[in-house]
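As a plain string of letters, each chain reads:
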Amino acid sequence: MTSFNRSTSRRLKKLTQIPSVWEGDRRPLSSPNQLSDSEAKGECILWVDYSQGVVRGMDVVASDTGPEAIVRTLMQAMEHPQSPARPARPQRIVVKDREIQFYLRGVLQDLDIAIDYAAELPLIDELFRGFADILDSQTPDLPPQYAQILREKAFAIWQAAPWEFLQEQQILSIEINRWDVGTLYASVMGMLGMEYGILFYRSEDSLKQFRAAVLTDEESTEHLEEAFLKQDCLFLTFESVDETDEDDDEEDDLADLPLSEIDPTFGNIHPLEGLRSVLYDEEALVILVAIESLSRFIRDHRRQLHEDIFPTLSRRYRISLPQSEESTKSVAVTVSTMPQLAAELEEMAGFGIDDEEINNLDFQSLRDDLIPEDSFLSLGVVSWEMLEFLRKGVSYHQASEIEPVGDGLPVILIQTSRPKAKTVIERIEAAGGLKAICFNPGADPFDGDRYDLGLLQTQNGELFLFGEFLDEDPIHVEARKKWNQRCKNTKGYCGLIIAKGLTGASRGNPQLKDMMALFEGRSLSPKDLGIGTLQLMPQLKFE
């Protein structure tokens, strides 16, 4: 048996011995009424002064921790007790476990402390009853009577995978007219492979307001979080059971995981409540009915929902309710598609523009045939002194009146071979020169990637793609922050440099002699450009 070092025993014996009785015990951190695994929660060790009615020491340890833990906590109770107790040594200790009694007798034999056994420990028993009451009073994530059936319905939705053919803006209305809920508006997430789930908005206005807020300021994390919390909806989302993998580059797509590794989460968002991952009884019934009716609708109309045009469909269902305090055994629900709302949301986001609208826009088309594929590309800045040299030294210069503010002119540098650089310059000249540079959001609905698309706008209204940057690329994110700040300093002025020397010694670092053209123009925000998020089409062209 492990015992104290002699120096430790001498130190403890110097503590004032008070005429008090201390109770000590270790018990599982769980309530008898809970079904959870107590071993996963560990055990609590308590040392209390029964004479004074105070807790002197407390610790939580793993269930398989040895008996040494109860001694360590006892030492804390003696030397460093919880306030208001002072350091001291008890005259007598009482425990209700024979093994602990015999163990402590051996360890504490030099400290002149009596170690006794009692079948009950009044103060500790009362404390642990209080702990159990707290655990019992905790609200579960789902009402126990609906938890199993809700998870079953959630897994049915997962296997139906509506995100394979429904986009977020293709809203389905679910008319329930029960539990103070009229109609829910279901938006399916997951086509882009980022988040999987369904948002059940309580009003059409809430849905529109959130979309408008997101489109207004797509780059501000703070504003996006604020807009997110102002939603009024119930939600079902899916996550991986194993959330310990922090390497995003190696993380599997959730859709590729087996059902056993998928975990559904339910919850509520409201402007006054914020986000909570807890459903109360009526909310559980509402989302249960919504999920079941949606599953049936998807089953009955899967083929029509796969069509390119969002169809007009409606169907009525009678959904049985699980046994509960509800006197009604079923509820009638009507599920319908909302093509008109979908078109409105697409218009808000810049999707689904028809030919007539395209002709009215300031650009004719988006092309990707201006910048050679093997070009070197970078976002940077040219000092004001260097800018004067450039203006005089390049073969072609398109000037602007720029006030020198900040560290220099923000520029896009494109380096290619001399013949290709000459062709690029000639084509920009033929289009009337450079009008603007813009970074606009883009999305690939097939692999779920989201892009920051670099665009050049010429004076004749044409748009040319010069770069595709992944939204999650930290290098590009940092470069964009600097670009935005520098453009703000110059009141929106920026430049495009075309350089030669791609295959020479100056590859990736062109010198002044390699720079063939400087085009000065304006920087446009996505809102100024007004074309919305561009989606990659099957022809492998952004249009």
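Residues numbered from 1 in each chain as written. Predicted model: local features only at pLDDT ≥ 70, side-chain atom pairs only at ≥ 80, totals over all residues. Heavy atoms only, no water.

Q: Let's hear about the packing of aromatic side chains: which residues, and what values?
A: The final tally for this structure, using the stated rule, is eight aromatic pairs. Centre to centre, the rings of Trp158 and Tyr196 are 5.6 Å apart; their planes meet at 75 degrees, and the pair counts as edge-to-face. On the criterion of sequence distance, the pair formed by Trp158 in helix H6 (residues 144–160) and Tyr196 in strand E8 (residues 196–201) is long-range, its members being 38 residues apart. Relative accessible area serves as the criterion here: at 9%, Trp158 is assigned to the buried category. Tyr196 sits in the buried class, given a relative accessible area of 5%. Here Trp158 and Phe238 contribute two aromatic rings whose centre-to-centre distance is 5.0 Å and whose plane-to-plane angle is 50 degrees, an arrangement assigned as tilted. Within this pair, whereas Trp158 is found in helix H6, its partner Phe238 is found in strand E9 (residues 233–240), the two being separated by 80 residues in sequence. Accessibility expressed as a relative area gives 4% for Phe238, which makes it buried. By way of ring pairs, the aromatic residues Trp158, Trp163, Tyr196 and Phe238 are connected into one cluster. Taking the ring centre of Tyr117 as reference, the NZ or CZ of Arg98 above it sits at 3.6 Å. (Phe/Tyr/Trp six-rings, centres within 6.5 Å; stacked < 30°, edge-to-face > 60°. Helix = DSSP H or I, 4+ residues; strand = E, 2+ residues; numbered from the N terminus. Buried < 20%, exposed > 50% of the residue type's maximum accessible area, 1.4 Å probe, protein only. Lys NZ or Arg CZ within 6 Å of the ring centre and 35° of its normal.)

Q: Residues and numbers for the side chain of Gln170, please.
A: By the secondary structure assignment, Gln170 is in the loop between H6 and strand E6 (172–178). For Gln170, the side chain forms a polar contact with the main-chain nitrogen of Gln167, separated by 2.9 Å. Residues within four places of Gln170 in sequence aside, it is in contact with Phe165, Ala186, Phe310 and Ala342. (Polar contact = N/O pair within 3.5 Å; in protein donor to acceptor, adjacent residues only side chain to side chain. Contact = heavy atoms within 4.5 Å.)

Q: Hey, could you go over the packing of helix H1 (residues 6–13) against helix H3 (residues 68–79) for me, with residue numbers and the actual values?
A: Running from N to C, H1 and H3 cross one another at 40 degrees; their axes reach a closest spacing of 11 Å. Compared by their axis directions, H1 and H3 come out oblique. Seen from above, H1 lies across H3 with left-handed handedness. In this structure, H1 contributes Thr8, Arg11 and Leu12 to the contact, and H3 contributes Met75, Met78 and Glu79. (Axes fitted to C-alpha atoms, helices over the stretch in contact; angles between N-to-C directions. Parallel < 35°, antiparallel > 145°, perpendicular 65-115°, else oblique. Left-handed = near helix turned anticlockwise from the far one by under 90°.)

Q: Describe in detail H3, supporting the description with residues and values.
A: Over its twelve residues, H3 runs 17 Å from end to end, which matches the ideal 16 Å to within 8%, given 1.5 Å per residue. Among the twelve residues that make up H3, nine are buried, leaving the element largely enclosed by the rest of the structure. The complete set of buried residues in H3 reads Ala69, Ile70, Val71, Thr73, Leu74, Met75, Ala77, Met78 and Glu79. Elements that come into contact with the buried residues of H3 comprise H1, strand E1 (17–28), strand E2 (43–49), strand E3 (54–61), strand E4 (89–95) and helix H4 (98–107). (Expected span 1.5 Å × (residues − 1).)

Q: Describe in detail the sheet that holds strand E12 (residues 314–320), supporting the description with residues and values.
A: The sheet built from eight strands is open, its strands ordered E11-E10-E9-E8-E7-E6-E13-E12 with antiparallel pairing. Taken across any chain shown, the strands that pair with only one partner, and hence form the sheet edges, are strand E11 (274–276) and E12. Neighbouring strand axes in the sheet, compared pairwise and without regard to direction, differ in orientation by 25 degrees on average. For strand E10 (residues 262–270) and E11, the ladder comprises three bridges, and the chain directions are antiparallel. Counted as the bridge partner of Asn268 is Arg276 from E11. On top of the sheet, H6 reaches E8, E9 and E10; it is set at about 105 degrees to E10, its chief contact. Those strands touched by helix H9 (residues 281–305) are E6, strand E7 (181–189), E8, E9, E10, E11, E12 and strand E13 (330–337), and its axis lies near 140 degrees from that of E12. (Pairing = 2+ DSSP bridges.)

Q: I'd love a proper account of unusual backbone geometry, names of residues and values included.
A: Of the consecutive residues Ser83 and Pro84, the connecting peptide bond is found in the cis state with omega at 10 degrees. Looking at where Pro84 falls in the secondary structure, it is placed in the loop between H3 and E4. Its identity as a non-glycine residue notwithstanding, Asp112 has a phi of 60 degrees, on the positive side. With respect to the element layout, Asp112 can be found in the loop between H4 and strand E5 (114–117). With a phi angle near 60 degrees, Lys491 is a residue other than glycine that sits in the positive phi range. Turning to its location among the elements, Lys491 is positioned in the loop between helix H14 (474–489) and strand E21 (493–499).

Q: Before we move on, could you go through the nonpolar core and cite the residues and values that matter?
A: Among the nonpolar cores identified, the biggest contains 52 residues, and Leu150, Ile174, Ile176, Phe200, Phe238 and Phe266 are the most heavily contacted of them. Leave out the neighbours within four places in its chain, and Leu150 touches Leu142, Phe266, Leu279, Ala284, Ile287 and Leu288. Trp47, Val71, Val107 and Leu111 belong to the second largest nonpolar core, which has 26 residues in total. (Core = buried A, V, L, I, M, F, W, Y, C linked by side-chain atoms within 4.5 Å.)

Q: Requested: an account of the pattern of salt bridges, with residues and values cited.
A: Counted according to the given criterion, the structure contains 27 salt bridges. In this structure, Lys208 engages Glu344 in a salt bridge whose closest nitrogen and oxygen atoms are separated by 3.2 Å. Placement of the pair is Lys208 in helix H7 (residues 204–216) and Glu344 in helix H10 (residues 339–349), with a sequence separation of 136 residues. Connected through salt bridges with shared partners, the residues Arg367, Asp369, Arg427 and Glu462 form a single ionic network. (Salt bridge = Lys/Arg side-chain N within 4 Å of Asp/Glu carboxyl O.)

Q: Please provide a residue-by-residue account of the packing of H3 against H4, values included.
A: Geometry of a packed helix pair, given as the angle between the helix axes and the separation of the axes. Put simply, H3 and H4 touch, their axes get as near as 10 Å, and they point 60 degrees apart. In terms of orientation, H3 lies oblique with respect to H4. When the axes of H3 and H4 are compared, the crossing they make is right-handed. In this structure, H3 uses Glu68, Ile70 and Val71 to contact H4, whose residues at the interface are Ile100, Tyr103, Leu104 and Val107. Broken down by class, the residue content of the contact of H3 with H4 amounts to six nonpolar, no polar and one charged. (Nonpolar A, V, L, I, M, F, W, Y, C, P; charged D, E, K, R; others polar.)

Function cannot be read off these values alone, since they describe shape.
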